[in-house]
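# Architecture at a glance
These are the residues of each chain, in order.
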Amino acid sequence: MTVNIGVIGTGAIGRDHMRRITQTLAGGAIVAVSDVNRGAAEASLAALDLDGEVFATGAELVASPKVDAVLVTSWGGAHEPDVLSAVKAGKPVFCEKPLATTAQGCRNIVEAEIAGGRRLVQVGFMRRYDAGYRMLKTMIDAGTIGAPLMVHGAHRNPTVGANYTTDMAIHDTLIHEIDVLRWLLDDDYRSVQVVFPRRTPNAREGLRDPQVVMIETVKGVRIDVEIFVNCVYGYDIQCEIVGETGIARLPEPMSIQTRSGARLSNEILVDWKDRFIDSYDVELKDFLAAAARGTASGPTAWDGFAAAVAADACVKAQGSGAIEPVAMPERPAFYAFGA
Ligand code: NAP
């Protein structure tokens, strides 16, 4: 069965997912697009030589009988109404992170999905589909290193754009660690604190970089994640789980080791797009397979909500310097067997 997909938001990642569905993956076809900029929507179809329909609004695209399932890849502030429309229409919807820009917006989607009685939402937390993180999870779940006690992580970018602000380090950058660590540990967060080391002179005026986020989970695991978005040397994601009887580390991306000029070396990536390129394919393959069954799998709307609640607490902690609680309500039974 071919799942007919409508894409709302034909910017960078929207076009990339359209290419993926059209040229790399089986089981899906792009039949409709919508973007606030109609020209961009038309160009996205032309670039792939597609004969889809262009809709003026996301709501009209969702309502079209031609559309079986929806990709929401617009600007984060626009996600909530379109995801809600898809859920209310009973159509599977893949939404890039953030699910919504506020915890309440995510909660609205959770409640609509529960009211419909069927899983329909997948959030684009693609790290859960990365081969390295999956190996790490398999090892943790098998008990190979005993129960996790501590996690040391780092999220480093060589540089960031001029509009990157201190709180974006949480909402745009740490958000991936917030989700993937919660999934790896099968745990929720209790409290967070953010501290700022000596500032790098490579950060633009007004941006506090680096920062260290410390998180305590409900089970008592202590997590520290360094966010350093002007590290200069490369795009580098690190994750080390310290367990009762051993340590497990996220594997480094594959790279050719060279011996040259009296040096033994491996390359480090510089572009974030290259680091998780395979996981974008796998997450959308999962979406297409579930959508063909009229449902969704992978990261849930509840996971999107949990990430928003933790991120809000981190932003508060950036300002207060204090340990801030993460006030998560109890997980509804509906999401008990989520991703
Ligand atoms: P982008 O290039 O700016 O694309 C967003 C597109 O959506 C633009 O064409 C924008 O039009 C359009 N748009 C804005 N509001 C809309 C609306 N109400 N209806 C329809 N289209 C609308 O941004 P991007 O990099 O593709 O990011 C899109 C989303 O994906 C963001 O939420 C981002 O956080 C997420 N993302 C996730 C990852 C990941 O690793 N999972 C990576 C990159 C991005 P204008 O340009 O005219 O405003």
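All residue numbers refer to position in the chain's written sequence, counted from 1. The model is predicted, so local features are restricted to residues of pLDDT at least 70 and side-chain atom pairs to those at 80 or more, both for listing and for counting; the totals for chains, interfaces and linings are taken over all residues. Side-chain measures were taken over the full set of non-hydrogen atoms in the model, leaving aside hydrogen atoms and water.

### Structural notes on the packing of helix α5 (residues 103-116) against helix α10 (residues 301-320)
One can describe the packing of α5 onto α10 by two numbers: an axis separation of 9 Å at closest approach and a directional angle of 160 degrees. The angle between α5 and α10 places the two elements in the roughly antiparallel class. Of the two elements, α5 crosses α10, and the hand of that crossing is left-handed. Residue-level inspection shows Ala-103, Cys-106, Arg-107, Ile-109, Val-110 and Glu-113 of α5 in contact with α10, the latter providing Ala-301, Trp-302, Gly-304, Phe-305, Ala-308, Val-309 and Asp-312. By the convention adopted, Pro, Cys, Tyr, Trp, Phe, Met, Ile, Leu, Val and Ala count as nonpolar, Lys, Arg, Asp and Glu as charged, and the other residues, Gly among them, as polar. Residue classes in the contact of α5 with α10 are distributed as nine nonpolar, one polar and three charged. Axes here refer to lines fitted to C-alpha atoms; in helices the fit is confined to the stretch in contact. Angles between the N-to-C directions go from 0 to 180 degrees. Only DSSP runs of H or I covering at least 4 residues are called helices, and only runs of E covering at least 2 are called strands; the numbering of each starts at the N terminus. Roughly parallel here means an angle under 35 degrees, roughly antiparallel means over 145, roughly perpendicular means 65 to 115, and every remaining angle is called oblique. It is the rotation of the near helix from the far one that decides the hand of a crossing: anticlockwise by less than a right angle makes it left-handed, clockwise makes it right-handed. Contacts: residue pairs with any heavy atoms within 4.5 Å of one another.

### Remarks on the sheet that holds strand β15 (residues 324-325)
Pairing is mixed in the open sheet, where seven strands are placed in the order β12-β11-β7-β10-β9-β8-β15. Each edge of the open sheet is held by one strand with a lone partner, namely β12 (247-249) and β15. One bridge is not enough; two strands pair if DSSP finds at least two bridges between them. Inspection of the sheet shows strand β7 (residues 148-156) paired to strand β11 (residues 236-243) by eight bridges, in the antiparallel sense. The residue bridging Ala-154 from the neighbouring strand is Gln-238, located in β11. Along the sheet, helix α7 (residues 168-185) makes contact with β7, β8 (189-195), β9 (211-217), β10 (222-228) and β11, crossing β10 at roughly 150 degrees. Packed on one face of the sheet, α10 meets β8, β9 and β15 and runs near 35 degrees to β8.

### Observations regarding the domain arrangement of the chain
Where each domain begins and ends is defined by an automated method or by a domain database. Segmentation of the chain into domains returns domain 1 (3-127 + 278-305) and domain 2 (132-271). Each of domain 1 and domain 2 has a C-alpha centre, and these two points are 28 Å apart. Across the boundary between the two partners, domain 1 contributes seven residues, which contact eleven residues of domain 2. Counting each side, the surface lost to burial between domain 1 and domain 2 is near 890 Å², with a carbon and sulfur contribution of 53%. A 1.4 Å probe defines the accessible area here, and the buried area is the portion of it lost by two parts on being joined, summed over both. A per-residue breakdown of the area domain 1 buries against domain 2 is headed by Lys-97, Phe-125 and Arg-127, which together make up 75% of the total. By salt bridge we mean one thing: a side-chain nitrogen of Lys or Arg within 4 Å of a carboxyl oxygen of Asp or Glu. At the boundary of domain 1 with domain 2, the tally comes to two salt bridges.

### Let's talk about the packing of helix α1 (residues 12-24) against helix α9 (residues 277-292)
Between α1 and α9, the least distance of the axes is 11 Å, while the angle of their chain directions is 70 degrees. The angle between α1 and α9 places the two elements in the roughly perpendicular class. Handedness of the α1/α9 crossing: right-handed. Residues Ile-13, His-17, Arg-20, Ile-21 and Thr-24 of α1 touch α9, and the partners they reach there are Ile-277, Tyr-280, Asp-281, Glu-283 and Leu-284. For the contact of α1 with α9, the residue count by class is five nonpolar, two polar and three charged.

### Some remarks on the site of the ligand
Around the ligand sit 23 residues in total, of which Ile-13, Asp-35, Glu-96, Lys-97 and Tyr-280 are the nearest. Within 3.5 Å is the distance limit for a polar contact, defined as a pair of N or O atoms, with the added protein rule that one can donate a hydrogen and the other accept it, and that residues adjacent in sequence qualify only through two side-chain atoms. Between an oxygen atom of the ligand and a main-chain N or O atom of Ile-13, the distance comes to 2.8 Å. Between the ligand and Glu-96, the relevant distance is 2.9 Å, taken from a nitrogen atom to a side-chain nitrogen or oxygen of the residue. The protein chains shown are the only cover counted for residues, whose accessible areas, like all others here, come from Shrake-Rupley with a 1.4 Å probe. Summarising the interface, the protein chains cover 70% of the accessible area of the ligand, which totals 900 Å² for the free molecule. Here the shell around the ligand is built from residues that sort into ten nonpolar, ten polar and three charged. Working definition: residue near molecule or strand if any one of its non-hydrogen atoms lies within 4 Å of it.

### Some thoughts on the side chain of Arg-156
As for its placement among the helices and strands, Arg-156 is situated in strand β7. Residue class for Arg-156 comes out buried when judged on its relative accessible area of 17%. Side-chain polar atoms of Arg-156 contact the side chain of Tyr-233, separated by 2.9 Å. In this view, Arg-156 contacts Glu-226, Phe-228, Cys-231, Tyr-233, Gly-234, Tyr-235, Asp-236 and Gln-238; residues no more than four positions away in its chain are not counted. Exposure is judged per residue with a 1.4 Å probe applied to protein chains only, and the accessible area is read against the type maximum: over 50% gives exposed, under 20% gives buried, and values in between give partly exposed.

### What to know about the packing of aromatic side chains
Aromatic rings in a pair are described by how distant their centres are and how their planes are angled relative to each other. Geometry of aromatic contacts follows a simple scheme: Phe, Tyr and Trp rings, the Trp one being its six-membered ring, pair when their centres are within 6.5 Å, and the pair is stacked under 30 degrees between planes, edge-to-face over 60, tilted otherwise. Counting across every chain of the model gives four aromatic pairs. On the numbers, 5.8 Å between centres and 65 degrees between planes, the contact of Phe-94 with Phe-287 is edge-to-face. Separated by 193 residues along the polypeptide, Phe-94 in strand β5 (residues 93-95) and Phe-287 in helix α9 bring together distant segments of the chain. The exposure class assigned to Phe-94 is buried, which follows from its relative accessible area of 0%. On the basis of relative accessibility, which here comes to 0%, the residue Phe-287 falls in the buried class. Three or more aromatic residues joined by ring pairs make a cluster, and in this case those are Trp-302, Phe-305, Phe-334 and Tyr-335. The ring of Trp-183 has Lys-137 sitting right over it, with the charged end atom 5.4 Å from the ring centre. A cation over a ring is seen here: Arg-208 above Phe-196, with NZ or CZ 3.8 Å from the ring centre. Comment: the charge-over-ring label is applied if NZ (Lys) or CZ (Arg) is within 6 Å of the ring centre and within 35 degrees of the ring normal.

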